[in-house]
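Letter by letter, the chains look like this.
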Amino acid sequence: NCLHDLGKNVSARRALTRALTLAEERGDRSFVAWSTLLLGHLDRKAGARDAARARYRQADSIFADLGDTPTSRAWVAFHEGELLVEEGALEEAEAITLAAASAPATDGTARLACELVAATAKLARGRRRAAAELADRVARDAEAGGLVEIAWRARTVATRARAERAARRWLEGRALAPPEGLVDALSRAE
């Protein structure tokens, strides 16, 4: 994860491939699943969507075989949801991430990550008010839990949703002037 976050995707792939090999050699199926899931994330970032989808399904299958917690399955839904948003399958992205987030015993971080993807899908579907409300709640919960990246991303979704809603009202003639701070809000949401 650190290597990927630093933009060192070749090194990240090499480390994850090695971790996957070691996990397979040791028979650690849980670590095989996690390594496979993260390799799928790298595939998605590299534009190899079919490979990412295959890895996500493989990881989910292993988690299911292990009887793993809803949290593990929610992380798969999070990654799948991000892929679906990129592909424009917004209703499906929203459905799978909200289902995973609402599963009993889903860890708070996984729940918030899934809800963030759902808010992003809502915004892309033009459901601005619902996106802003969900994103605001995610941001508050993430901030309370010290989850800075999720909070920041959620605030971005909420700001963009409000700015788009306000701009639409102005463009449709339901507001006499562009809302104060619209340009600033849109630039912060970039």
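Higher on the page you've got the structure.
Let me sum up the structure you'll find in this document. (Residues numbered from 1 in each chain as written. Predicted model: local features only at pLDDT ≥ 70, side-chain atom pairs only at ≥ 80, totals over all residues. Heavy atoms only, no water.)

Attention now moves to helix α6 (residues 90–102). Given 3.6 residues per turn, any residue in an α-helix points the same way as the ones three and four places further on. In a regular helix each residue adds 1.5 Å, so 13 residues correspond to 18 Å; α6 covers 18 Å between its end C-alpha atoms and thus fits that length. Of the positions making up α6, those classed as buried are L90, A93, E94, T97, A100 and A101. Around the axis of α6, the buried residues are gathered within 140° of arc, so they sit on the same side. Across from the buried face of α6, at angles greater than 90 degrees, the exposed residues are E91 and S102. In this structure, the buried side of α6 is in contact with α5 (70–87) and α7 (108–124). (Helix = DSSP H or I, 4+ residues; strand = E, 2+ residues; numbered from the N terminus. Expected span 1.5 Å × (residues − 1). Buried < 20%, exposed > 50% of the residue type's maximum accessible area, 1.4 Å probe, protein only. Arc of directions from axis to C-beta. Contact = heavy atoms within 4.5 Å.)

Moving on: the packing of aromatic side chains. Applying the stated rule across the entire model yields 2 aromatic pairs. Ring geometry for W34 against F63: centres 5.0 Å apart, planes inclined by 65°, an arrangement best described as edge-to-face. Pair noted here: W34 is in helix α3 (residues 29–45) and F63 is in helix α4 (residues 49–66), with a separation of 29 residues, a long-range link. Under the relative-accessibility criterion, F63 is labelled buried at 0%. (Phe/Tyr/Trp six-rings, centres within 6.5 Å; stacked < 30°, edge-to-face > 60°.)

A positive phi angle, close to 75°, is found at A105, a residue other than glycine. Residue A105 is classed as exposed on the basis of its relative accessible area, which comes to 66%.

On to the environment of R73, then. As for its position among the elements, R73 is in helix α5. Through-space distance from the C-alpha of R73 to that of S61 is 9.3 Å; in sequence the pair is 12 residues apart. Non-local contacts of R73, meaning those with residues more than four positions away in its chain, are made with D60, F63 and A64. Of the polar contacts made by the side chain of R73, one reaches the side chain of D60; its length is 2.5 Å. (Polar contact = N/O pair within 3.5 Å; in protein donor to acceptor, adjacent residues only side chain to side chain.)

The tally for this structure, following the rule as stated, stands at 22 salt bridges. E94 is paired through a salt bridge with R125; the nearest N and O atoms lie 2.7 Å apart. Within this pair, whereas E94 is found in helix α6, its partner R125 is found in the loop between α7 and α8 (128–144), the two being separated by 31 residues in sequence. With a shortest N-O distance of 3.4 Å, R137 and D141 are connected by a salt bridge. Of the two residues, R137 and D141 are both situated in helix α8; the distance of 4 residues between them amounts to about one turn of the helix. (Salt bridge = Lys/Arg side-chain N within 4 Å of Asp/Glu carboxyl O.)

The end-to-end C-alpha distance of α3, which contains 17 residues, comes to 24 Å, matching closely the 24 Å that a straight helix rising 1.5 Å per residue would cover. Within α3 the residues assigned to the buried category are V32, A33, S35, T36, L37, L39, G40, H41, L42, D43 and R44. Residues of α3 that are buried in the fold lie against α1 (2–5), α2 (9–26), α4 and α5. With its phi angle positive at about 90°, G47 sits one or two positions after the end of α3.

Residue position: P70 is located in helix α5. Taking C-alpha positions, P70 is 6.5 Å from A103, a pair spaced 33 residues apart along the chain. In contact with P70, other than residues within four places in its own chain, are A103, P104, A105 and T106.

Below, the discussion takes up the side chain of E82. Along the polypeptide, E82 turns up in helix α5. For E82, a relative accessible area of 12% gives the class buried. Those residues within four positions of E82 in sequence are excluded, and the remaining contacts are R44, V117 and R153.

Closest axis-to-axis distance for the α3/α5 pair is 11 Å, and the angle between their directions is 10°. Put simply, α3 runs roughly parallel to α5. By crossing handedness, the relation of α3 to α5 is classed as left-handed. Every residue of α5 that contacts α3 at W34, L37, H41 and R44 is listed here: S72, W75, V76, H79, E82, L83 and E86. Across the contact of α3 with α5, the residue classes tally to 5 nonpolar, 3 polar and 3 charged. (Axes fitted to C-alpha atoms, helices over the stretch in contact; angles between N-to-C directions. Parallel < 35°, antiparallel > 145°, perpendicular 65-115°, else oblique. Left-handed = near helix turned anticlockwise from the far one by under 90°. Nonpolar A, V, L, I, M, F, W, Y, C, P; charged D, E, K, R; others polar.)

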